[in-house]
Amino acid sequence: MNERLFFILNVCSIVSAWYSCSFNDGSFNKTIVGNAIIQAECMYLTSPLEWNQLDPNTFDGLYYNATKSIPLTDLHMKRLFLSNLPPRNTSTVKHIINYWLVNGAGGSQALMESFGISMLKEIILNHYHEKYHQTYPIMYLFQYRGAGLSKPSIHCHTATSWIDCAQELIHTTVLTSVNESLRIIHAMSNQNIAQDLQYQIQYSINQSESICSTSTYIYGLSQGTAIIQYYLSIQSINFQLQQINGIILDGVMSIQKGDSFENQIKSINNRFYMYLSKCQNDIQCSKAFNRVTGTDQDIISVTLTLQRLFLTNMTNPLCTTKLGLNSWMLFSLIASQGIELITTRPIAAILIARVYRCSIEDQRVLSHAFPVLIAMAEQSLTPQLIDPPNNYLADGMVISIVTVWSDFVGFTLDESVKTNPSFYNDFCINVKITNEFSFAPIGPIPICRETQIAKNNYSVPAIFQDILYTKNPRYWGNFQVNPNIFRTGKSGVLMFNGDLDYNTPMFNAQQTQLLFQLENIRTKLIEMKDLTHVTGFQSYAKDAVIESTTCTDQIIVQFLYQQELNLDLETINYNCSLKENLFGIDWLYSNAIVNTTLYQMFGSSTTNYWGINITSDDTIKPIHNESSKVLFDQKFLLLLLIIFNYH
């Protein structure tokens, strides 16, 4: 059996040099700011299917590719760079900055392209490419094994349910053998992915250090932050240290043993309360809300009253059931989706006020708005292809399902669907009760909906358990970081988290910061007010213009160029992250793009979304200039993919 698996995996094994490859849009040269041109290169790198005790720092892909003595996988690598500062040995290059970008939600390489382009744009806007023309920045887009162009890859191209996906994986990964399929599927673990990252970074270090001095920084978002923590911990546990200059974590998961998943469920509720309190504490929002509702009650009290009216079927049907809004769960889902995106963030407070008041004008406006909003909410719950075949370059949802459910889903990290089937029933029951009684329910989890036998009886099929891997006790939940990984005293960990983030709540970031500090690692946590999951998508300044990058990029670029700028974590300029400087919640829709988005959400029925006369001079008419959407929309596709990571 092993020989057959070796043959299947190794028959197409590749080791190739870098070659010119296209961007996502098919172009080979891309002009960004001014006349600056960027290019992309790709290659494949042979990696072991299972790392076990192999050392990523010394693994010889060429040797194993030639001998075929172990099962192999081919990792697809891609890098972006300024065309006038190429990753080549030239007479001018004195310093190379390797910047690695690690995605969440399945690790799509394609969807990190916008992050690499954005950072190169930030470098140009700061004129660093001219001031420090002997420093060459290279953006590496990391791809999780098993997805995208890596080989072998695992997919569910025809399945719309997780159970069907498990069956498809087992029967299509290796057509001739279920056992061989499972071995490949189980190799797609967070821990193997983390060691792939170390292996690829070492490959890039070896290449660039043969040219000149090299600095290495790694950025991860969402699940990618957990991959990076495993990357640091595994090399520390195995004494296979790799020196780097800095880590950036954005939307921070924790790999430490604890009750992280249960806390995440609670955080949806906490996030809703925090959002409402932000309206209450904002003079403009609280004033508008009180004028609409005709009461001096605070917004939380009004929202609790509205919830009770829903639960007792006592809402005004002309603003709810007659319009298809038949439950508090549906309303809270609409509200939560509105809170998530910067362009729709005011809508939850506005809807609460107008449904509560339910005037004749409210009935007219809501009759246009709710069909749009309900359709969007229901679409998020409708079964869809898990890995659409036409999106294979940006796939990875299967990897997310396998890795998240294997490593992280449990009321505590000690619990496991793989090894304790009885836990699964308790899990689904607990989520159902949470949905029934929470202020902001989590909503139905597909795997529970698919496996419900009776009211309080859920049975997870063996086939779903089969695709999950068993947690490796050597690494799983084991946070250890050797300080010697960081090259200098100026090195360390830079962390970002939004205070409205329920996917990776702020306390996760705070706990992770403490864990680093206990290991004597320098850290800096940037808590960004009024932002949700992953600040790199949305941390725009209030005065942002079309060519603006995010505050997150503006901070990171200083970290990357700390050698040239003589900066450390304490002396970097973080002013853009202050609440008064960030574009967080535009309660009175003074921004043209927020205004236009709300106009669409309200079914083009009004521009007076609160339904009162607002005296602010900042409110403006909606516009329809498509190019203006560049300000917020470039990275939203990736955000939508990772928002509901467990659903």
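Everything quoted here is computed from the prediction, not taken from an experiment.

S.K.: Summarise the overall build of the protein; cite the residues concerned and give the values.
M.R.: Along its length, the protein carries 24 helices and 12 strands. Here the protein has a C-alpha radius of gyration of 25 Å; the compact-globule value for 647 residues is 26 Å, and the two agree. For the protein, the C-alpha atoms occupy an extent of roughly 75 × 60 × 45 Å along the three principal directions. Classification of the 647 residues of the protein by burial places 61% in the buried group. Put simply, 79% of the contacts in the protein that link residues at least 6 apart link residues at least 24 apart. For the protein, the accessible surface area stands at approximately 23,800 Å², while carbon and sulfur atoms represent 52% of it. Once the 40 positive and 51 negative side-chain charges of the protein are each reduced to a mean point, those two points are 2 Å apart.

S.K.: Describe in detail the state of the cysteines, supporting the description with residues and values.
M.R.: Applying the stated criterion across every chain, the model contains 6 disulfides. A disulfide bridge connects Cys156 with Cys165, and the sulfur atoms are separated by 2.0 Å. Negative torsions about the S-S bond denote left-handed disulfides, and the value of about 80° found for Cys156 with Cys165 makes this one right-handed. Overall, the relative accessible area of 3% leaves Cys165 in the buried class. Between the sulfur of Cys319 and that of Cys358 lies a disulfide, 2.0 Å long from S to S. Around the S-S axis, the bridge from Cys319 to Cys358 shows a dihedral of about 100° and counts as right-handed.

S.K.: Quick one: what's the story with the packing of aromatic side chains, residue by residue and with numbers?
M.R.: One pass over the full model with this rule turns up 28 aromatic pairs. One aromatic cluster is present, formed by Phe272, Tyr273, Phe310, Trp328, Phe331 and Phe439 through successive ring pairs. The side chain of Lys30 reaches across the aromatic face of Phe23, ending 5.3 Å from its centre. Seen from the ring of Trp18, Arg79 lies directly overhead, with NZ or CZ sitting 3.9 Å from the centre.

S.K.: Lay out helix α6 (residues 178-186) with the relevant residues and their values.
M.R.: When we look at burial in α6, the residues that qualify are Glu180, Ser181, Leu182, Ile184 and Ile185. Structurally, the start of α6 carries an N-cap: the backbone nitrogen of Asn179 is 3.4 Å from a side-chain oxygen of Ser177.

S.K.: Hey, could you go over the packing of helix α13 (residues 347-357) against helix α14 (residues 360-381) for me, with residue numbers and the actual values?
M.R.: One way to put it is that α13 packs onto α14 with a least axis distance of 10 Å and a crossing angle of 135°. One way to sum up the angle between α13 and α14 is to call them oblique. Like other packed secondary-structure pairs, α13 and α14 cross with a definite hand, here left-handed. Residue-level inspection shows Ile347, Leu351, Arg354, Val355 and Arg357 of α13 in contact with α14, the latter providing Glu361, Asp362, Val365, Leu366, Phe370 and Leu373. For the contact of α13 with α14, a count of residues per class yields 7 nonpolar, no polar and 4 charged.

S.K.: Describe the pattern of salt bridges, and please don't skip the residues or the numbers.
M.R.: A complete count under the given rule lists 14 salt bridges for this structure. Residue Asp196 pairs with Arg145 through a salt bridge whose shortest N-O separation is 2.6 Å. Here Arg145 lies in the loop between β6 (135-141) and α5 (162-172) and Asp196 lies in helix α7 (residues 190-209), a separation of 51 residues in the sequence. One exposure class covers both Asp196 and Arg145, and it is buried.

S.K.: Lay out unusual backbone geometry in plain terms, naming residues and giving numbers.
M.R.: Omega for the peptide link from Lys151 to Pro152 comes to -5°, which places this bond in the cis form. Take Pro152: it is sitting in the loop between β6 and α5. One non-glycine residue, Ser222, adopts positive backbone phi at about 55°. Relative to the helices and strands, Ser222 resides in the loop between β7 (213-221) and α8 (223-237).

Reading the values: the criteria
Residues numbered from 1 in each chain as written. Predicted model: local features only at pLDDT ≥ 70, side-chain atom pairs only at ≥ 80, totals over all residues. Heavy atoms only, no water. Helix = DSSP H or I, 4+ residues; strand = E, 2+ residues; numbered from the N terminus. Rg over C-alpha atoms; globule rule 2.2 N^0.38 Å. Buried < 20%, exposed > 50% of the residue type's maximum accessible area, 1.4 Å probe, protein only. Contact = heavy atoms within 4.5 Å. Areas by Shrake-Rupley, 256 points an atom, 1.4 Å probe, with all protein chains shown as cover. Lys, Arg positive; Asp, Glu negative; His and termini not counted. Charge placed at Lys NZ, Arg CZ, Asp CG, Glu CD. Disulfide = S-S within 2.5 Å. Phe/Tyr/Trp six-rings, centres within 6.5 Å; stacked < 30°, edge-to-face > 60°. Lys NZ or Arg CZ within 6 Å of the ring centre and 35° of its normal. Polar contact = N/O pair within 3.5 Å; in protein donor to acceptor, adjacent residues only side chain to side chain. Axes fitted to C-alpha atoms, helices over the stretch in contact; angles between N-to-C directions. Parallel < 35°, antiparallel > 145°, perpendicular 65-115°, else oblique. Left-handed = near helix turned anticlockwise from the far one by under 90°. Nonpolar A, V, L, I, M, F, W, Y, C, P; charged D, E, K, R; others polar. Salt bridge = Lys/Arg side-chain N within 4 Å of Asp/Glu carboxyl O.

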